[in-house]
Amino acid sequence: MLLPYAPSSVAVARQRLCSDLQERGVYEAAVEDAVLVVSELLSNALRHAHPLPSGQIRVSWEWNEEHVEVAVSDGGAATEPRAGRPTLSSLGGRGLGIVEYLASTWGVRHEGDVTTVWAVVTVVDTAGNGRVPTPEPALRECG
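Bear in mind that the values here come from a model prediction, so they are computed numbers and not experimental data. (Residues numbered from 1 in each chain as written. Predicted model: local features only at pLDDT ≥ 70, side-chain atom pairs only at ≥ 80, totals over all residues. Heavy atoms only, no water.)

(A) Broad picture of the overall build of the chain. Across its full length, the chain holds three helices and five strands. Listing every helix and strand of the chain by position from the N terminus yields β-α-α-β-β-α-β-β. Counting every position in the chain, which comprises 143 residues, the buried fraction comes to 43%. If you take every contact in the chain between residues at least 6 apart in sequence, the share linking residues at least 24 apart comes to 65%. Counting only carbon and sulfur atoms, one obtains 52% of the accessible surface of the chain, whose full area is about 8000 Å². (Helix = DSSP H or I, 4+ residues; strand = E, 2+ residues; numbered from the N terminus. Buried < 20%, exposed > 50% of the residue type's maximum accessible area, 1.4 Å probe, protein only. Contact = heavy atoms within 4.5 Å. Areas by Shrake-Rupley, 256 points an atom, 1.4 Å probe, with all protein chains shown as cover.)

(B) Here's a closer look at the sheet that holds strand E1 (residues 2–4). Pairing in this open sheet of five strands is antiparallel, and the strands run E1-E2-E3-E5-E4 from one edge to the other. Strand pairing shows two members of the sheet lacking a second neighbour, E1 and strand E4 (105–111), which therefore form its edges. Averaged over all pairs of adjacent strands, the angle between their axes in this sheet comes to 25 degrees, without regard to strand direction. The pairing of E4 with strand E5 (residues 114–122) spans seven bridges and is classified as antiparallel. Considered in E5, the bridge of glycine 107 is made with tryptophan 118. Docked against the sheet, helix H1 (residues 8–23) engages E1, strand E2 (56–63) and strand E3 (67–74), running at close to 15 degrees with respect to E2. Contacting E2, E3 and E5, helix H2 (residues 28–48) runs over the sheet at an angle of about 165 degrees to E5. (Pairing = 2+ DSSP bridges. Axes fitted to C-alpha atoms, helices over the stretch in contact; angles between N-to-C directions.)

(C) Looking closely at the pattern of salt bridges. Counted according to the given criterion, the structure contains three salt bridges. A salt bridge links glutamate 111 to arginine 109, with the nearest nitrogen and oxygen atoms 3.9 Å apart. In this structure glutamate 111 comes out as exposed when scored by relative accessible area, which is 51%. The exposure class assigned to arginine 109 is partly exposed, which follows from its relative accessible area of 33%. Salt bridges sharing common partners tie together Glu69, Arg109 and Glu111. (Salt bridge = Lys/Arg side-chain N within 4 Å of Asp/Glu carboxyl O.)

(D) Looking closely at the environment of valine 121. You can see valine 121 is positioned in strand E5. For valine 121 and alanine 30, which are 91 residues apart along the polypeptide, the C-alpha to C-alpha distance reads 7.5 Å. In contact with valine 121, other than residues within four places in its own chain, are Ala30, Asp33, Ala34, Val37, Glu66, His67, Val68, Leu102 and Ala103.

In short, shape yes, function no, at least from these values alone.
Okay, here's the thing in structure tokens:
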């Protein structure tokens, strides 16, 4: 989905991803991980990269029974996205470190002037040997 290149797009993407994964019966902790990952990727793109030529930013995800791959595409930046190692007193620089911790893998793709940062989050409850359904969407709000 194309969204405005604006901080308000983070909440829109989080809500849509959460609702989509809940409808698919993904267990709550995996929904929360995927939503946090998309939030970090989108926030980083808004903070450090340029918009796409359309002036927007693209957020997408693909789901299967075991994983969800989230991706954020932007117009690129002067530096390559990488996980930082901030000091305890640093005010920022933890976003991709959070992604690295929550995702089974992540990376960067370049296609012309478009940079896509993607991450794969496991949505199978390995401790419970399978998916555990989330509460009905009406009982648990996304956001």
